[in-house]
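Survey of secondary and tertiary structure
Each chain is listed here by its residues.
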Amino acid sequence: MSKESVENAVKQNGENGHAKQAAIEILKKYGIVFVLILMIIGISVLRPNFLTPNNIFNVLTQSAIFGIMALGMTLVITSKGIDLSVGSVLALTGVVAASLGQSAAATSKFFPGLGELPLIVPVLAAILLGALIGAINGGLLSYTGIPAFIATLGMMTIARGFALIYTGGSPISSLTPAFTRLGGRLGVVPIPVIIYGIMIVITWILLNNTQFGKNVYAIGGNIKAAEVSGVNVKKNLILIYAYCGMLAGVAAIVFAGRVGSVHPGAATGYELTAIAATTIGGTSHAGGIGTVWGAVVGALVLSVLRNGLTLLGVHAYWQQIIEGMIIVVAVIIDMRKNARKK
Amino acid sequence: MSKESVENAVKQNGENGHAKQAAIEILKKYGIVFVLILMIIGISVLRPNFLTPNNIFNVLTQSAIFGIMALGMTLVITSKGIDLSVGSVLALTGVVAASLGQSAAATSKFFPGLGELPLIVPVLAAILLGALIGAINGGLLSYTGIPAFIATLGMMTIARGFALIYTGGSPISSLTPAFTRLGGRLGVVPIPVIIYGIMIVITWILLNNTQFGKNVYAIGGNIKAAEVSGVNVKKNLILIYAYCGMLAGVAAIVFAGRVGSVHPGAATGYELTAIAATTIGGTSHAGGIGTVWGAVVGALVLSVLRNGLTLLGVHAYWQQIIEGMIIVVAVIIDMRKNARKK
Amino acid sequence: MTEQPHVLEMKNIIKNFPGVQALKNAELSVEAGEIHALMGENGAGKSTLMKCLIGIHPPTSGEIYFDGKLIENYSTADALNMGISMIHQELNPVEHRPIMENIWLGREPKNRLGLVDHKKMYEMSKEVLELIDLKEDPRTEMRHLTVAKMQMIEIAKAISYNAKLIIMDEPTSALTNKEVEQLFSIMRKLKENGKSIIYISHKLDEIFAITDKVTVLRDGQYIATEKTADLTVERMIKLMVGRDITEMFPKVACEIGDVKLEVKNLSNGKHFKNVSFQVRKGEILGVAGLVGAGRTEVIEAIFGIRSADGEIYIDGERVSIHSAEDAINNKMALLTEDRRMNGIFPMLNILQNMTISNMKSYVKKNKLVDHKRMKTDAHRFIETLSVKTPGIHQKIENLSGGNQQKVLVARWLLTEPDILFLDEPTRGIDVGAKAEIHKLITSLAGQGKTIVMISSELPEVMGMSDRIMVMHEGRVTGIIENRKDLTQEEIMRYATGAVEEKLA
Amino acid sequence: ACGGGGGGGTEAPAEGGAMTIGYASSNLNDTGQTFVADGARAYAEANGLTIQVQDAQEDVVRQQDQVKTMIEQGVDALVVVPVDTEAMGPITAAAQEAGIPLVYVNRNPFGEDQPPEGIYYVGSQEIVAGRMQGEALVEMMGEEGNVGILMGILSNEGAIKRTEGNEEVLGQYAGINILAKETGNWQRDQGMSLTENWLTAYGDDLNAILANNDEMALGAVQALQAAGRDDVLVMGVDAIPDAKEAVKGGSLAATVLQDLYGQGNMGTEIAHQAAQGNSPAQLTWIDFVPVTIDNVDEF
Ligand SMILES: Nc1ncnc2c1ncn2[C@@H]1O[C@H](COP(=O)(O)OP(=O)(O)OP(=O)(O)O)[C@@H](O)[C@H]1O
Ligand SMILES: Nc1ncnc2c1ncn2[C@@H]1O[C@H](COP(=O)(O)OP(=O)(O)OP(=O)(O)O)[C@@H](O)[C@H]1O
Ligand SMILES: [Mg+2]
Ligand SMILES: [Mg+2]
């Protein structure tokens, strides 16, 4: 899509014979990409080891968990909603999956005598549970008309509570080797990155090439237009939030695989990171505007930033300040694409 | 205002001669008030000591801090914005105020040889610093056009970082007796409640009886139309966020007075509580709709709930779950006022 | 005409909204192959009746027969499937999506994998756009289109459903003659193919030009159905309003004073170039032109909400206006063209909508606003402009389009301006109210106010103006004295750029 | 902790000579952790080492990322305060793979086991602090009474283990009743609000409050003073300066000193030793010490 859009931008302007203007147009449209490239160049100059293959994979792996969540969030925000529950859903689906993915000895605590289960069981459990919770979010807000903010804020607390109850507050560890293998590598490529890639492709197709995707844009862009065109808004909203919850489940699997243990307090605050990644990538809270590549770039901006600040040895407190500033500046630069009159 | 609105509702229907319908109308319009009353009745039946004057003041005091923040948030959300930085602003203004309000012996650490300052110094410092940070938020988002979510998310991290740097991560305590007096009582009434009350009145007048207030609604209702109608949108946005930041500063003073110490990590996540209170009270994230009494009732719903769950001796994990559910249910009941077609 | 079976019958339709009975006993019967006008004042319930039909608001009671079958409890999607489509009065563009996705929303063509077939969608869209003779790339995002083009897309969309019955709720309110002609030829084609059309418009000439029958509603009540050919303008108005309205364009000559506003060489590079004109006290300057001529942009620039180079003089003194606030301080007012986008505050009530621009004058010495005076003013204007509403606390969103427009007119009159810019001031306003607004404009001119009125309705421009400025592609091609013998053709020659007056 | 300037740590990583220690804190928002970090910094400064302090803000994944990034950057040794002791597998593995010595501080990922080759631990067992509070309480209150427990963030190990230690001791006495266990999220204001609510709920039945940290304990003290209750025994953990003052003044019955500064200092020393090729002890215990009015002046 990004390619097509570039072509479009080129074409639209090319027809007017302004090649230079076309370049400016692209720069504006993909402002955030240039911000990212700038950051990468800046960091590599100061710390050449930033660009080692290993570190690049590190950065990608680091962006995988909240990047996957940002994909689901892109659908939600594009439909003019918000999902504050994804962090807690990650924790809840994560502890459930982990409890089903413990090695034989440890499993007994939760499901005595069950023995070791094949990997597919915890994976499916996380995905389905995530989708179910998401569907409840979507159903709540579409059938009762309460703001998405409230429905998902409630779910944020509720899911966290259940995660605590399920585990008694302690982390669940001793995962099977098959499970922690998910945090490892396939050849040189980290498996979290592969899973992330697959999710990017699926979400991209979903948003750009299915009727569901078109409905997401229409619901966010102009819900009345969607209604009068015969779009089943309620059903689609449920699906949107279910997809977002499902991706939180996928993120939980990656999390469990990487960390080897899931804590009921895990991923606290990740909802804000996921929303930030999505927003940095240009998805608008006003609805109707959102792209998958934007979410991916937004997640990368955050992980490159964190990785870079660590490499540069910036003091922990200053890291927070600089991170906050750079997020704001990045979006300001990106904003210029929408700059019109005056 | 609530009185006037009730009268209006009565009148509007009374004119049609349907007294009963009028009652239903009020019930719908003030749905959240009835939820609150129901909660209070329920808890008092189960735990009669809920209604002791002392506990009532406790509940009010407990709602004061995030209630004050919710007042500012009401303006922000009514103008179709959001302010995620208020929790961090509370912490930053709080530590600065505390450092200026330490007793003679302790003060020296920050400002050697300054001695004990009159109470007005830390109070003004918190208020002005809060207003300044808020104005920066407002200026950023109105002049650059970045989403409020991003501007204030950035500020949330930045302000927290500065609070940590300012204190080196340790709490600031040993406040002067005059300062901690602010956490005490005047006669029987807790001073935080009095401060809260004053802020409610000021905000109410500001929102309902000044040109600024009318502009807040207009900007949230349709920013383009507001511009064409001669509203100076940028200036007003700066004022809106400055007011919200200022109230975070006031909340910081109450916090410091009550707790006797301010931690740079204080009030983490309070922004969500403040937003939740505002939203429970019926302020719409779609902009243009918001009331001061709604924010007050919303904050009360949360503090009554928390107090009640403790009184009832509900298990800590379950408290989270029940709190989440009740927030959702309260808003669902309140939503019925908007129920129209079908 | 031979007797045709009724494709649609709506009987005893009642629709209640909280506090408002929008329809009390409405009726409508439409035959196959018929263009049926639905007429009535603003707020008569036309749109509501149509929304009942298309499944947006289920009627409170009453029966709807479509194709002879009773239909009940259906959604919009069901209605579309049954063969009813609708052009909505309020435009519903999904702004950040391409034209083609807007047209095919909810029924995207798919390939064998079940994925959306963009290529096919593109082709199909091209065909549809050809039908309405619109040369736009189907991949252009809707937000780049002018209101008129968006309206044409809506028309194209409604046609593309290939429905048996097409509802057109004020499709021409944003169109100029050229597009209206185009729409009419499409409608005739549809009629030939046996399709039925329900046509709503406040422009009487259109009703006579295209419709076969007319059904009139008044206050939500069915009044009459008659053959258009049997009707006269006077009778139709009487059916709608319940009384006679004599003067359509009550322009009375009033004394014209000194030059009030002078604009010199206004340009903004993109939309208009070197626009210069003068308007005097008591004068009405009409501004004509085709859609996209840049008229809106010019007055937005004068009003300070769009940047431009050039000079503006008021009473001979150079002024600098950089915001609407500046403009209002210079006693200017602007009634905008796009009501939804930059006119109304949908969720706010009438009181708030009406008083916002005048808020400064309600601030008392103690800095608080004077609610009592605000309410008095609002009530006064609801009366003078006869806004149909249960009260000043009604959300403006719940008013009919015409009544929303009246509230906006009131907003600006409250500021007691010296210079009024009116961009399509009577768009979507019924004949009765139109006459009232025209009377108002004239009387304002009579009070010595300066008025600049953009209108795409040539009869209105010619009926109301003292002079007419015509624009073409961002340039002023002529400023013409309004004479008795001025013809529409002459204006059109300037508007199409066929002639260009040498301006001093 | 020092005001204003931020306490160093912005040093650039080693270019040539000096060794660089990578220090990964669990949460620098936590006062206790700032003391651990201060101890580490002090050792580094005194010995001419460069130290790089990272803050995971209670996020395991972030901690893992920071450690891996520091490995990538080529630090000579690592000091880690685990966010989640169960989740240190990958960090341990990464350090081993890179051949960099790793010292865990303050929170023990190994439980009863011996740490693997090249990995060290310096600290104490959280549960001990809970036990000490319980024992001190029984001593002061007698074997009868009603207790409220103010817990930290519900999923934090410190909160869980300290509470477990409390319950383990108190559970041995039939006369001692745990009235309530709720979370104050480590925060003073929340400890205060909860105590206010407990006073309403339990009134004079409430005899003692055990808090998982001093901040919450001091909040409880504040609430009790406001309510004019001086009969309720309150105990915290950490022995932060405010708490020691309160113990001196008699408003806080006891706190438990965990020599956090010493842990950070010792942890860094061991990392330094290991990086130089020496072989320090793999386990170093730094014990908790109960602090009451009797011995508070010693600290
Ligand atoms: N959702 C609603 N809630 C309350 N009242 C409504 C609502 N929709 C319409 N009304 C009221 O119903 C009446 C009929 O409105 P409708 O829009 O059908 O008029 P109309 O004939 O289409 O007018 P116009 O010519 O101005 O478009 C009006 O008084 C309007 O205020
Ligand atoms: N948002 C936009 N982006 C790009 N071009 C635009 C935009 N809005 C308007 N234009 C272009 O500006 C020119 C003037 O448009 P506009 O419709 O405002 O003119 P107008 O004379 O006011 O027409 P109307 O008869 O509708 O009042 C057109 O060429 C149009 O395509
Ligand atoms: Mg209508
Ligand atoms: Mg125009």
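Please read these numbers as outputs of a predicted model, since none were measured by experiment. (Residues numbered from 1 in each chain as written. Chains lettered and ligands numbered in written order. Predicted model: local features only at pLDDT ≥ 70, side-chain atom pairs only at ≥ 80, totals over all residues. Heavy atoms only, no water.)

1. Considering the overall build of chain A
- Counting secondary structure elements, chain A contains 16 helices and two strands.
- Looking at chain A residue by residue over its 342 residues, the buried ones come to 62%.
- Intrachain contacts of chain A at a sequence separation of at least 6 include 77% that bridge at least 24 residues.
- Counting only carbon and sulfur atoms, one obtains 70% of the accessible surface of chain A, whose full area is about 11,700 Å². (Helix = DSSP H or I, 4+ residues; strand = E, 2+ residues; numbered from the N terminus. Buried < 20%, exposed > 50% of the residue type's maximum accessible area, 1.4 Å probe, protein only. Contact = heavy atoms within 4.5 Å. Areas by Shrake-Rupley, 256 points an atom, 1.4 Å probe, with all protein chains shown as cover.)

2. Quick word on the coordination of the magnesium ion (ligand 4)
Residues and elements named next belong to chain C.
- Looking at the metal site, the magnesium ion (ligand 4) is ligated by Thr296 (OG1), Glu337 (OE) and Glu337 (OE), spaced 1.9 to 2.5 Å from it. Of this pair, Thr296 sits in helix 9 (residues 295-302) while Glu337 sits in the loop between strand 16 (332-335) and helix 11 (339-342), and the two are 41 residues apart along the sequence.
- The buried category is assigned to Thr296, whose relative accessible area is 14%. (Donors = N, O, S within 2.8 Å, 3.2 Å for Na, K, Ca; no water.)

3. Description of helix 11 (residues 211-221) of chain A
- Counted residue by residue, helix 11 of chain A has nine buried out of 11 residues, so it is predominantly covered.
- What helix 11 of chain A keeps buried is the set Phe212, Gly213, Lys214, Asn215, Val216, Tyr217, Ala218, Ile219 and Gly220 of chain A.
- Looking at the buried side of helix 11 of chain A, the elements it contacts are helix 4 (53-78), helix 10 (191-209), helix 12 (223-228) and helix 13 (233-259) of chain A together with helix 3 (99-103) and helix 4 (118-131) of chain C.

4. Points about the site of ligand 1
All names here are of chain C.
- Neighbouring ligand 1 are 20 residues; Lys46, Ser47, Thr48, His202 and Asn398 lie closest to it.
- Note that an oxygen atom of ligand 1 is positioned 2.8 Å from one of the side-chain N or O atoms of Asn42.
- One of the backbone nitrogen or oxygen atoms of Gly401 is found 3.5 Å away from an oxygen atom of ligand 1.
- Of all the secondary structure elements, the ones that give two or more residues to the shell around ligand 1 are strand 2 (20-31), helix 1 (46-54) and helix 15 (401-414).
- Among the elements that take part in the shell around ligand 1, helix 1 stands out by supplying three residues, more than any other.
- A per-class count over the shell around ligand 1 returns five nonpolar, 11 polar and four charged.
- Mapped onto the domain boundaries, the shell around ligand 1 takes at least three residues apiece from domain 1 (6-241) and domain 3 (339-416). (Near = heavy atom within 4 Å. Polar contact = N/O pair within 3.5 Å; in protein donor to acceptor, adjacent residues only side chain to side chain. Nonpolar A, V, L, I, M, F, W, Y, C, P; charged D, E, K, R; others polar. Domains from an automatic or database assignment.)

5. Remarks on the site of ligand 2
Residue and element names in this part refer to chain C.
- In the vicinity of ligand 2 lie 13 residues, with Gly294, Arg295, Thr296, Glu297 and Glu337 positioned nearest.
- Here an oxygen atom of ligand 2 and a backbone polar atom of Ala293 are 3.1 Å apart.
- Between ligand 2 and the protein, one listed contact pairs an oxygen atom with a side-chain N or O atom of Glu337 at 2.8 Å.
- Surface burial for ligand 2 is 75%, taken as the share of its 620 Å² of free accessible area covered by protein chains.

6. Some thoughts on the UniProt feature "transmembrane region" (unreviewed entry) in chain A
- According to UniProt, the positions carrying the feature "transmembrane region" (unreviewed entry) are residues 30-50, 56-77, 84-105, 117-136, 148-166, 186-207, 238-257 and 316-333 of chain A.
- With 100% helix and 0% strand, residues 56-77 of chain A has its two end C-alpha atoms placed 29 Å apart. (UniProt positions renumbered as here; feature names shortened; annotations may be inferred.)

7. A closer look at helix 8 (residues 233-241) of chain C
All names here are of chain C.
- Turning to helix 8, its buried residues are Met236, Ile237, Leu239, Met240 and Val241.
- Here the buried face of helix 8 lies against strand 3 (35-39), helix 7 (204-210), strand 9 (213-218), strand 10 (221-227) and helix 16 (431-446).
- Two residues or fewer after helix 8 comes Gly242, characterised by a positive phi angle close to 85 degrees.

8. Things to note about the relation of the copies chain B and chain A
- Expressed as a screw operation, the relation of chain B to chain A combines 0.1 Å of axial shift with a rotation of 180 degrees, fitting to an RMSD of 0.2 Å. When the rotation and shift are considered jointly, the pair of chain copies conforms to a two-fold rotation axis.
- A shared interface surface links the copies, since 100% of the contact residues of chain B are contact residues in chain A too. (Least-squares fit on C-alpha atoms with pLDDT ≥ 70 in both.)

9. Some points on the interface of chain B and chain C
- If you look at the interface, chain B gives 29 residues, while chain C gives 35 residues.
- Each partner contributes to the roughly 2,500 Å² buried at the junction of chain B and chain C, and carbon and sulfur atoms together form 60% of this total.
- Run the count over chain B and chain C and you get zero salt bridges.
- Taken together, the links from chain B to chain C amount to nine residue pairs in polar contact (both at pLDDT 80 or more). (Buried area = accessible area lost by both parts, 1.4 Å probe. Salt bridge = Lys/Arg side-chain N within 4 Å of Asp/Glu carboxyl O.)

10. Quick look at the sheet that holds strand 17 (residues 419-423) of chain C
Residue and element names in this part refer to chain C.
- Spatial strand order, 16-17-18-13-19-20: six strands in an open sheet with mixed pairing. Where the open sheet ends on each side, the last strands, each with one partner, are strand 16 and strand 20 (475-481). If you compare each strand with its neighbour and ignore which way they point, the axes differ by 15 degrees on average.
- The sheet contact formed by strand 16 and strand 17 spans four bridges and is parallel. When the sheet's bridge partners are listed, Leu334 is paired in strand 17 with Phe421.
- Each of strand 13 (284-289), strand 19 (467-472) and strand 20 is contacted by helix 18 (residues 488-495), which is oriented at about 40 degrees to strand 19, the strand it contacts most. (Pairing = 2+ DSSP bridges. Axes fitted to C-alpha atoms, helices over the stretch in contact; angles between N-to-C directions.)

11. Regarding the environment of Leu183 of chain C
All names here are of chain C.
- Inspection of the secondary structure puts Leu183 in helix 6 (residues 177-192).
- Taking the C-alpha atoms as reference, Leu183 lies 9.8 Å from Asp133; in sequence the two are 50 residues apart.
- In this view, Leu183 contacts Ile155, Met168, Pro171, Thr172 and Tyr199; residues no more than four positions away in its chain are not counted.

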